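Residue-level structural notes
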Amino acid sequence: MSSISSLANVHSSGKYGDYEGKNEKELLKISERKNLLIVQIVQYKNSNILCESIDLDGLKLKNEPSNVIYNDDTRILWNGPKNWFLVSKKKDLIKSILKNFKESDFAITDLSHSRAIIEIEGQNTKEILKKGCPFNFNILKKNQSINSVFNGIAFTIDMFDDNPDKVRLFTLRSFGESLYHSITDASLEFGYISI
Amino acid sequence: MLYINCPHCGMRSQNEFSYGGDASIKRPELNKEISDNEWNDFVYNRKSLRGKHLELWQHISGCRQWIKVERDTATHEIFRTFKADEEVAS
């Protein structure tokens, strides 16, 4: 079965906004990320298992606010106490997750089909986010993540890189088009390339 | 803008939170015989204080945890925040 991406109706490649006369490197790059495995991992309150003892694609869960645990393929975002959000290029990782995390201690939910992912790259990335989100982005560092709201839309930000700034925004699939509209609207001022 | 220091996530805007009412209310013990008036007090009657007030808030757009917030209802100044299961010394 072929899947239709959540932003298929709104995302089309090209240059938009105030891009004329600007170096391409200065422009923001906005793209949609597709075909990623997204899994929510929640440890039950009465579970006594040390989450650090479980190996997941060479990574160990940590209960550290805002920190992203990562390797080349997989990123595990802290979503709340004993609550993580795993994003991976390895689609078959779900098998090992289901095997390694006991049903009696963890709730594992495959959210791959239910999120829209927007990737923004460029030196003005944080300026875009500041327009609609009340978070103090000056304190957000590389490999940190937060949950917040953008123009009233709940979303998760994964700070991928800081030279130049690169973030991945996750929102509910049904909110994807609205968030995309808000983000691209905020980006027009700087000019952006839609990839 | 009002900022609330979530004990889990750190300083965040009030936009991310949802108000949850008085945090000092305790549910009557299970299986204990109580009068209608006591039940009425638990469910409906609130003091509506002017001044320091211990409140429940949920970080609905963040970590989704319930927290306790000590706030001045007149000035909106927030003094302290606690995890939901923390006992608060007055």
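Residue positions are counted from 1 within each chain, in the order its sequence is given. Here chains are named by letter from A upward and ligands by number from 1 upward, in the order in which they appear as written. Confidence filtering applies because this is a predicted model: local features only for residues at pLDDT of at least 70, side-chain atom pairs given and counted only at 80 or more, and all residues used for totals across whole chains, interfaces and linings.

Let us now look at the overall build of chain B. Only DSSP runs of H or I covering at least 4 residues are called helices, and only runs of E covering at least 2 are called strands; the numbering of each starts at the N terminus. The secondary structure content of chain B amounts to one helix and six strands. Projected onto the principal axes, the alpha-carbon positions of chain B cover approximately 45 × 25 × 25 Å. Residues classed as buried in chain B amount to 19% of the 90 residues present. To sort residues by exposure, count the other C-beta atoms lying within 10 Å of each residue's C-beta; 20 or more gives buried, 12 or fewer gives exposed, and values between give partly exposed, all with C-beta atoms placed from the backbone.

This brings us to the interface of chain A and chain B. Contacts here follow a simple rule: the backbone-placed C-beta atoms of the two residues must lie within 7 Å. Taken together, the contacts link nine residues of chain A with 13 residues of chain B. Under the scheme applied, nonpolar residues are Ala, Val, Leu, Ile, Met, Phe, Trp, Tyr, Cys and Pro; charged residues are Asp, Glu, Lys and Arg; polar residues are all the others, including Gly. Each residue belonging to the side of chain A that touches chain B can be placed in one class, and the counts come to six nonpolar, three polar and no charged.

All names here are of chain A. At least two DSSP bridges between two strands are needed for those strands to be called paired. Taken together, the five strands give an open sheet; going across it, the order is β6-β7-β8-β3-β9, and neighbouring strands pair in antiparallel fashion. Edge positions in the open sheet fall to β6 (68–70) and β9 (106–110), since each of these has one partner strand only. Ignoring which end each strand starts from, the neighbouring axes of this sheet average 20° apart. The pairing of β6 with strand β7 (residues 74–80) spans three bridges and is classified as antiparallel. Each axis is a line fitted through C-alpha atoms, and for a helix only the stretch in contact is used; angles between axes span 0 to 180 degrees, taken between their N-to-C directions.

With that out of the way, let us pick up helix α3 (residues 176–187) of chain A. The span expected for a helix works out to 1.5 Å for each residue beyond the first. Its 12 residues give α3(A) an end-to-end C-alpha distance of 16 Å, which sits within 8% of 16 Å, the value for a rise of 1.5 Å per residue. The complete set of buried residues in α3(A) reads A:G176, A:L179, A:Y180, A:S182, A:I183, A:T184, A:A186 and A:S187.

Now for unusual backbone geometry. All names here are of chain A. Note that the residue after N163, namely P164, is joined by a cis bond; omega there is -5°. Counting through the fold element by element, P164 comes out in the loop between β12 (153–162) and β13 (165–172). Although it is not a glycine, N35 adopts a positive phi angle of roughly 55°. Structurally, the position occupied by N35 is in the loop between β2 (28–32) and β3 (37–43). We classify N35 as exposed; it has 10 C-beta atoms within 10 Å. Positive phi, close to 60°, is recorded for N143, a residue that is not glycine. By the secondary structure assignment, N143 is in the loop between α2 (125–132) and β11 (145–150).

All names here are of chain A. The nonpolar core is taken to be a set of buried Ala, Val, Leu, Ile, Met, Phe, Trp, Tyr and Cys residues joined by way of C-beta atoms within 7 Å. Core analysis: the biggest nonpolar cluster contains 26 residues, and I118, I120, F155, I157, L169, L179 and I183 have the highest contact counts within it. The set of elements that each furnish at least two residues to this core consists of β2, β10 (115–121), α2, β11, β12, β13 and α3. Not counting chain neighbours up to four residues away, the residues in contact with I157 comprise L129, S145, I146, S148, V167 and L169. L61, V68, I69 and F101 belong to the second-largest nonpolar core, a separate cluster that totals 15 residues.

The next point concerns the environment of A:L77. Residues and elements named next belong to chain A. Mapped onto the fold, L77 is located in strand β7. For the pair formed by L77 and K25, sequence separation is 52 residues and the distance between their alpha carbons is 29 Å. Not counting residues within four places of it along the chain, the set of residues in contact with L77 comprises V68, W84, F85, S145, T156 and D158.

pLDDT measures the predictor's confidence residue by residue and takes values from 0 up to 100. On average, residues of chain B carry a pLDDT of 93, and 99% of them reach 70 or more. Overall fold confidence for the complex sits at a pTM of 0.91, while the interface term, ipTM, reaches 0.87.

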